[in-house]
Amino acid sequence: TDEAAFNGDGTSTYGGIQGIVTKIDDGTHTASVVSAASGNNSFENLDLADFSKALGALPRYALGGAAWYISPAGYHASIERLQLAGGGNTLGDIASGGVPRFLGLPVIQTLVLDSTLGSDAGVIKVLVGDAALAGIYGIREQVNIRSTVDEYARYDQTAWYATIRVDYNWHSLGDTSDAGPMVALKTTA
């Protein structure tokens, strides 16, 4: 369901769900999309000013529950790189790696956000904000659980199947003049 929530394009592949990356970059939420500085077209060259610019675009009301959302590859190539390059690190700091907080906010790593390393111009790489204010996750049908022993009886095993129907609605992403409670950081084109 993370794939649909972040990257869904509204097709049946994603259960008709339009994900936040698709929706925020549709041209009607431009105040919520921040472009990195000229030449910063990959995780490896995003700098502190790019992240600060994204955080600065986030409305103050969204700071209470805000977090950074980034892929693990992106985290290591950008946020962790910037943290470890900061002065005053000790051997223990470097041994333990980056802290899962950045610029005062928690960092949530998700495997479904863009993880392309190297030049990747004009792509949303990072989100920052309060997902609970930007959208809603709804359970459309309760969990259904069933079991069967037919195919597994000879092994004295039972197979369990569980299904659930969910939906995401990213309802507050700002517009062309005011940023919403979630801001996207996009590499320069």
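Now for a quick tour of the structure. For clarity, every value in this text was computed on a predicted model and none was experimentally measured.

## With respect to the pairing of strand β5 (residues 124-129)
- Counting buried positions over the six residues of β5 gives six, a clear majority of the element.
- Pairing of strand β2 (residues 67-70) with β5 involves three bridges; the strand directions are antiparallel. If you follow W68 over to β5, its bridge partner there is V128.
- In this structure, β5 lies alongside strand β8 (residues 182-186), joined through five bridges in antiparallel fashion.

## With respect to unusual backbone geometry
- The residue L103 is not glycine, and still its phi comes out positive at about 50°.
- Given a relative accessible area of 35%, L103 falls into the partly exposed group.

## Overview of helix α3 (residues 48-57)
- Those residues of α3 not exposed but buried are D50, F51, A54 and L55. Around the axis of α3, the buried residues are gathered within 135° of arc, so they sit on the same side. With respect to the buried face of α3, the exposed residues turned more than 90 degrees away are A49 and G56.
- Capping of α3 at its N-terminal end is provided by D47; its side-chain oxygen lies 3.2 Å from the backbone amide nitrogen of A49.

## Observations concerning the packing of aromatic side chains
- Enumeration according to the criterion identifies five aromatic pairs in this entry.
- Aromatic pair Y137 and Y168: ring centres 5.0 Å apart, planes at 50°, arrangement tilted. Of this pair, Y137 sits in strand β6 (residues 135-148) while Y168 sits in strand β7 (residues 159-170), and the two are 31 residues apart along the sequence.
- Residue Y137 is classed as partly exposed on the basis of its relative accessible area, which comes to 44%.
- By relative accessible area, Y168 is classed as buried at 14%.

## Describing the sheet that holds strand β1 (residues 33-35)
- The sheet built from six strands is open, its strands ordered β1-β8-β5-β2-β4-β3 with mixed pairing. The open sheet has two free edges, formed respectively by β1 and β3 (101-102), since each of these has just one partner strand.
- Direction of pairing for β3 relative to strand β4 (residues 105-109): antiparallel, over a ladder of two bridges. Within β4, the residue paired with F102 across the bridge is L105.
- Contacting β2, β3 and β4, helix α4 (residues 72-85) runs over the sheet at an angle of about 130° to β2.

## Quick look at α4
- If you check α4, its first and last C-alpha atoms are 18 Å apart, about what 14 residues at 1.5 Å a residue would give, namely 20 Å.
- In α4, a bend of some 30° at I79 exceeds every other bend along the element.
- Check the buried side of α4 and you find it contacts α3, β2, β3 and β4.

## Some points on the nonpolar core
- F51, W68 and L185 are the most contacted members of the largest nonpolar core, which totals 23 residues.
- Every residue in contact with L185, bar those within four places of it in the chain, is listed here: V34, A36, L46, D50, F51, A54, V123, I124, K125 and V126.
- Core analysis: the second largest hydrophobic core is formed by 20 residues, A5, V112, L113 and M182 among them.

Each value, and the rule that gives it
- Residues numbered from 1 in each chain as written.
- Predicted model: local features only at pLDDT ≥ 70, side-chain atom pairs only at ≥ 80, totals over all residues.
- Heavy atoms only, no water.
- Buried < 20%, exposed > 50% of the residue type's maximum accessible area, 1.4 Å probe, protein only.
- Helix = DSSP H or I, 4+ residues; strand = E, 2+ residues; numbered from the N terminus.
- Pairing = 2+ DSSP bridges.
- Arc of directions from axis to C-beta.
- Polar contact = N/O pair within 3.5 Å; in protein donor to acceptor, adjacent residues only side chain to side chain.
- Phe/Tyr/Trp six-rings, centres within 6.5 Å; stacked < 30°, edge-to-face > 60°.
- Contact = heavy atoms within 4.5 Å.
- Axes fitted to C-alpha atoms, helices over the stretch in contact; angles between N-to-C directions.
- Expected span 1.5 Å × (residues − 1).
- Bend = angle between axes of the 7 residues up to and from the residue.
- Core = buried A, V, L, I, M, F, W, Y, C linked by side-chain atoms within 4.5 Å.

Scope: geometric values only; no functional claims are made or implied.
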